[in-house]
Amino acid sequence: MNTFAIGDHDFLLDGEPFRILSGAIHYFRVHPDQWADRIHKARLMGLNTIETYVPWNEHSPAPGAFRTDGGLDLGRFLDLVAAEGMQAIVRPGPYICAEWDNGGLPAWLFTDPTIGVRSSEPGYLAAVDTFMDRLLSIVVERQITRGGPVILFQIENEYGAYGNDKAYLQHLVDVAKRAGVDVPLFTCDQPFGTMIEDGSLPELHKTGTFGSRAAERLAFLRERQPTGPLMCAEFWNGWFDNWGTHHHTTDAAASAAELDAVLAAGASVNIYMFHGGTNFGFANGANDKGIYEPTITSYDYDAPLSEDGFPTDKYFAFRDVIARHFDVPAEVPARRAGAVECAVSVVSSVPLLKAVESFGSPLTVPGSLPVSEATGQYRGFQLYERQVPDGGVLSFDEIRDRAQFFLDGFPVGTLSRELGERSIFLPTGGLLQILVEDQGRVNYGPRIGEAKGLIGPAMLNGVEVLDWTIRPLDLGSLDGFRRAAKELPDNGGVGGPSLSFGSFTAEEPGDRYLRLDGWTKGNAFINGFNLGRYWSRGPQRTLYVPGPLIREGANELAILELQGSSTRDVRFVSAPDLGPNEK
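1. Concerning empty space enclosed by the protein
Point 1. Under the criterion given, the structure shown has 3 cavities of 30 Å³ or more.
Point 2. The volume enclosed by the largest cavity comes to roughly 40 Å³.
Point 3. Residue lining of the largest cavity: Arg29, Val30, His31, Gln34, Arg38, His275, Gly277, Thr278, Phe280, Glu307 and Tyr544, and that is the complete set.
Point 4. Split into classes, the residues belonging to the lining of the largest cavity amount to 3 nonpolar, 5 polar and 3 charged.

Next comes the structure, spelled out in structure tokens:
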């Protein structure tokens with residue numbers, strides 16, 4: 001039987017010193033047909049381990065559900081890691097942050113106002129136990145002690161930055177051990193203040209998270225853990241982007257020098273991220289530290305392996321550093337060669353407000369304004385409707401996160417959470433329809449678990465407006481919208497909000513990069529798959545289209561445009577464009 005243990009100075013693999021050289025790949029951010037390629041390229045950089053988070057909200061989109069199909073097949077992902085001859089680290093949270101929607105916590109959990117967050121509150125722990133029981137059946141049988149690749153299992157995630165509920169941490173430990181986890185358990189926290197002590201327990205191995213001043217950070221960690229191997233569990237080699245900012249990058253040589261310092265100190269490392277991937281669909285998270293900032297679709301992270309899976313200058317700089325300390329494979333992955341370029345035109349379109357029968361089922365809620373969770377759909381768009389007798393000033397307590405207002409089908413304005421807008425003037429009475437976009441749930445800090453939609457009361461000229469109808473915009477299938485779409489005229493753009501359709505022919509599957517110049521804001525779909533959000537404010541200018549989504553022959557493009565476009569054309573271009581770099 002193989003073993004993995006924590007010694008006085010080293011990790012011990014079958015009793016021998018072992019240095020963890022790990023890279024983060026989130027299986028849920030990568031098309032499953034591309035997992036093996038990304039894992040293989042990690043080994044070619046000199047890594048021996050793959051680390052991944054586990055997103056509770058993806059595996060359990062509704063109470064009692066647990067999905068492992070397609071891109072959520074964690075078992076298959078871990079088996080591919082093993083097939084590459086590598087080890088694995090699993091970090092299931094239950095909170096993961098990861099710039100992921102709600103930090104991985106399912107939104108349905110918080111429809112019960114008594115539920116706690118990241119604490120030993122009984123209702124929260126009961127839900128955690130149900131998730132962990134299902135998850136651990138996948139992980140336990142793939143531990144190194146049972147012939148699998150898993151060598152480490154994380155308890156919570158940077159918990160010291162949030163709280164210090166030791167009973168909660170102990171509960172997570174007990175759940176893991178009771179299920180059969182016998183590889184070492186660890187925690188990770190930033191090496192500042194009391195975070196390491198607050199976020200761990202005496203018997204858990206402590207690791208640090210940082211991206212600079214490596215020698216200083218490791219010394220801080222050693223002071224708080226006198227024995228055992230040093231490890232940077234998140235070596236931040238890049239950063240994520242928010243809409244309306246620049247594309248964050250870090251200098252490859254400077255990052256490589258910090259990695260060299262980690263390795264020279266004898267520490268183990270997990271490179272966060274080795275390969276970032278993509279926030280497909282509506283999966284992106286957001287930050288709110290006084291200003292709401294949703295994360296963009298790309299999670300490229302300026303990582304060594306780019307969003308579309310090609311080595312960067314940073315990849316080769318890191319490979320050179322690793323080669324100074326360890327053997328690396330002779331094989332070198334090829335750089336990006338360029339993708340097929342072509343233009344595609346949408347030829348039919350349907351205004352969303354003329355296709356409400358294709359939305360989800362309407363829900364009429366007596367009394368005060370409902371939040372979007374009332375419909376049972378926890379991402380994307382909701383349509384609020386009500387007849388209003390008069391015009392005037394309509395106000396709300398808060399908009400979460402962007403609301404477009406229509407009276408009898410005509411647009412009257414937009415309110416944005418980001419700008420702190422809460423009131424709008426209605427010129428007259430009539431059928432009021434409000435299309436509300438959830439732009440991503442906060443993934444870090446005290447606003448985790450908050451409700452979405454229109455936060456009431458809704459006040460018209462100082463009088464509360466009651467009895468609303470709300471219906472979700474269900475984009476899981478586009479069939480109803482496709483049937484309702486009408487042929488577009490020969491020229492001009494498309495109005496918004498609308499869903500438009502076009503087609504293109506491909507000789508074979510292969511990566512594409514979709515550029516939407518002249519379009520404003522929305523989501524794009526290839527053969528029904530939601531690529532994610534686009535927004536003309538940038539920085540991101542292209543959406544990554546994984547090659548396996550493309551079929552030989554005819555393919556469909558669909559575009560949900562919220563504001564309107566100046567064109568009916570989009571382009572597939574030869575390389576991604578994530579916008580201007582940080583200066």
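2. Things to note about the pairing of strand E5 (residues 49–53)
Point 1. Most of E5 is tucked away: 5 of the 5 residues are buried.
Point 2. Side-chain alternation along E5 places Thr49, Glu51 and Tyr53 on one buried face and Ile50 and Thr52 on a second face that is also buried.
Point 3. The parallel pair strand E4 (residues 21–25) and E5 is bridged by helix H1 (residues 35–44), and the resulting crossover is right-handed.
Point 4. Where E5 meets strand E6 (residues 87–91), 5 bridges bridge the pair, whose relative direction is parallel. The partner of Ile50 across the bridge, within E6, is Ala88.

3. Concerning the packing of aromatic side chains
Point 1. Under the criterion given, the structure shown has 30 aromatic pairs.
Point 2. Ring centres of Tyr159 and Tyr162 lie 6.3 Å apart, and the angle between their planes is 40 degrees; on these two criteria the pair is classed as tilted.
Point 3. On the accessibility criterion, Tyr162 (34% relative accessible area) is partly exposed.
Point 4. The rings of Tyr53, Trp236, Trp239, Phe240, Tyr272, Tyr299 and Tyr301 are connected pair by pair, giving a single aromatic cluster.
Point 5. If you follow Arg29 out to its NZ or CZ, it ends over the ring of Tyr299, 3.6 Å from the centre.

4. A short note on helix H5 (residues 166–179)
Point 1. Compared with an ideal rise of 1.5 Å per residue, which puts 14 residues at 20 Å, H5 spans 20 Å between its outermost C-alpha atoms and is within 8% of the ideal.
Point 2. Inspection of H5 places Tyr168, Leu169, Leu172, Val173, Val175 and Ala176 among the buried residues, and these make up the whole buried set. When H5 is viewed along its axis, its buried side chains cluster within an angular range of 160 degrees and face the same direction. In H5, those exposed residues whose orientation departs by more than 90 degrees from the buried face are Lys177 and Arg178.
Point 3. Here the buried face of H5 lies against helix H4 (122–140), strand E7 (150–154), strand E8 (185–189) and helix H6 (195–198).
Point 4. A side-chain oxygen of the first residue of H5 lies 3.2 Å from the backbone nitrogen of Ala167; this N-cap is Asp165.
Point 5. After H5 finishes, the residue Gly180 shows a positive phi value of roughly 110 degrees.

5. Observations concerning the sheet that holds strand E2 (residues 11–13)
Point 1. Here 3 strands make up an open sheet; going across it, the order is E1-E2-E3 and the pairing antiparallel. With one partner strand each, in any of the chains shown, strand E1 (4–6) and strand E3 (16–18) form the two edges of the open sheet. Strand after strand, the sheet turns through a mean of 40 degrees between neighbouring axes, direction not considered.
Point 2. One ladder, built from 3 bridges, connects E2 with E3; its direction is antiparallel. Looking across to E3, one finds that Leu12 is bridged to Pro17.

6. Looking at the packing of H4 against H5
Point 1. Contact pair H4 / H5: the axes reach a minimum separation of 9 Å and the direction vectors enclose 35 degrees. The handedness of the crossing between H4 and H5 comes out as right-handed. Note on element contacts: H5 touches H4 through Tyr168, His171, Leu172, Val175, Ala176 and Ala179, opposite Tyr124, Leu125, Val128, Asp129, Met132, Leu136 and Val140.
Point 2. Per-class residue counts for the contact of H4 with H5 are 11 nonpolar, 1 polar and 1 charged.

7. Side note on the pattern of salt bridges
Point 1. Scanning all chains against the criterion turns up 40 salt bridges.
Point 2. The partner of Arg324 in a salt bridge is Asp260, with the nearest N and O atoms 3.8 Å apart. A residue pair is termed long-range when its members are at least 10 positions apart, and Arg324 in helix H9 (residues 313–325) and Asp260 in helix H8 (residues 252–264) qualify at 64 residues.
Point 3. Three or more residues joined by partner-sharing salt bridges are found here, namely Asp288, Glu373, Glu398, Arg400, Asp401, Arg417, Asp438, Arg441, Arg447, Glu450 and Lys452.

8. Quick word on the nonpolar core
Point 1. Formed by 110 residues in total, the largest nonpolar core has its most connected members in Phe77 and Phe153.
Point 2. If one sorts the elements of this core by residue count, H4 sits on top with 11 residues.

9. Here's the deal with the sheet that holds strand E24 (residues 459–460)
Point 1. In spatial order, the strands read E21-E17-E24-E25; together these 4 strands make up an open sheet with antiparallel pairing. A single partner strand is all that each edge strand has here, and the edge strands are strand E21 (423–426) and strand E25 (463–464).
Point 2. For E24 and E25, the ladder comprises 2 bridges, and the chain directions are antiparallel. Bridging from a neighbouring strand, Met459 pairs with Glu464 of E25.

10. Here we look at unusual backbone geometry
Point 1. The linkage connecting Gly456 with the following residue, Pro457, adopts the cis geometry, with an omega of 10 degrees.
Point 2. Omega for the bond connecting Gly496 with Pro497 falls within 30 degrees of zero, at 0 degrees, which places this linkage in the cis form.
Point 3. By the secondary structure assignment, Pro497 is in the loop between strand E27 (486–487) and strand E28 (498–506).
Point 4. Phi is positive for Asn461, which is not a glycine, with a value near 55 degrees.
Point 5. Mapped onto the secondary structure, Asn461 falls in the loop between E24 and E25.
Point 6. With relative accessibility at 48%, the residue Asn461 sits in the partly exposed group.

11. Structural notes on the side chain of Thr295
Point 1. Assignment of secondary structure puts Thr295 in the loop between strand E13 (292–294) and H9.
Point 2. Given a relative accessible area of 0%, Thr295 falls into the buried group.
Point 3. Apart from residues lying up to four places away in sequence, Thr295 is in contact with Glu99, Phe240, Asp241, Asn242, Trp243, Asn279, Asn284, Gly285 and Ala286.

12. A closer look at the pairing of strand E19 (residues 402–407)
Point 1. Most of E19 sits out of view: 6 of its 6 residues are buried.
Point 2. By the alternation rule, side chains of E19 split into Arg402, Gln404 and Phe406 and Ala403, Phe405 and Leu407, which are all buried.
Point 3. Count of turn residues in the E19/strand E20 (residues 410–416) antiparallel hairpin: 2 residues, of which Asp408 carries a positive phi of about 50 degrees.
Point 4. The pairing of E19 with strand E22 (residues 430–438) spans 6 bridges and is antiparallel. Paired with Ala403 across the strands is Val436, a residue of E22.

What counts, and where the lines are drawn
- Residues numbered from 1 in each chain as written.
- Predicted model: local features only at pLDDT ≥ 70, side-chain atom pairs only at ≥ 80, totals over all residues.
- Heavy atoms only, no water.
- 1 Å grid on protein atoms, 1.4 Å probe; cavity = no way out; pocket = protein on both sides within 12 Å on 5 of 7 lines; lining within 4 Å.
- Points joined across faces, edges and corners; volume = space filled by probe spheres on them.
- Nonpolar A, V, L, I, M, F, W, Y, C, P; charged D, E, K, R; others polar.
- Buried < 20%, exposed > 50% of the residue type's maximum accessible area, 1.4 Å probe, protein only.
- Helix = DSSP H or I, 4+ residues; strand = E, 2+ residues; numbered from the N terminus.
- Right-handed = clockwise from strand over helix to strand, strands pointing away.
- Pairing = 2+ DSSP bridges.
- Phe/Tyr/Trp six-rings, centres within 6.5 Å; stacked < 30°, edge-to-face > 60°.
- Lys NZ or Arg CZ within 6 Å of the ring centre and 35° of its normal.
- Expected span 1.5 Å × (residues − 1).
- Arc of directions from axis to C-beta.
- Contact = heavy atoms within 4.5 Å.
- Polar contact = N/O pair within 3.5 Å; in protein donor to acceptor, adjacent residues only side chain to side chain.
- Axes fitted to C-alpha atoms, helices over the stretch in contact; angles between N-to-C directions.
- Left-handed = near helix turned anticlockwise from the far one by under 90°.
- Salt bridge = Lys/Arg side-chain N within 4 Å of Asp/Glu carboxyl O.
- Core = buried A, V, L, I, M, F, W, Y, C linked by side-chain atoms within 4.5 Å.

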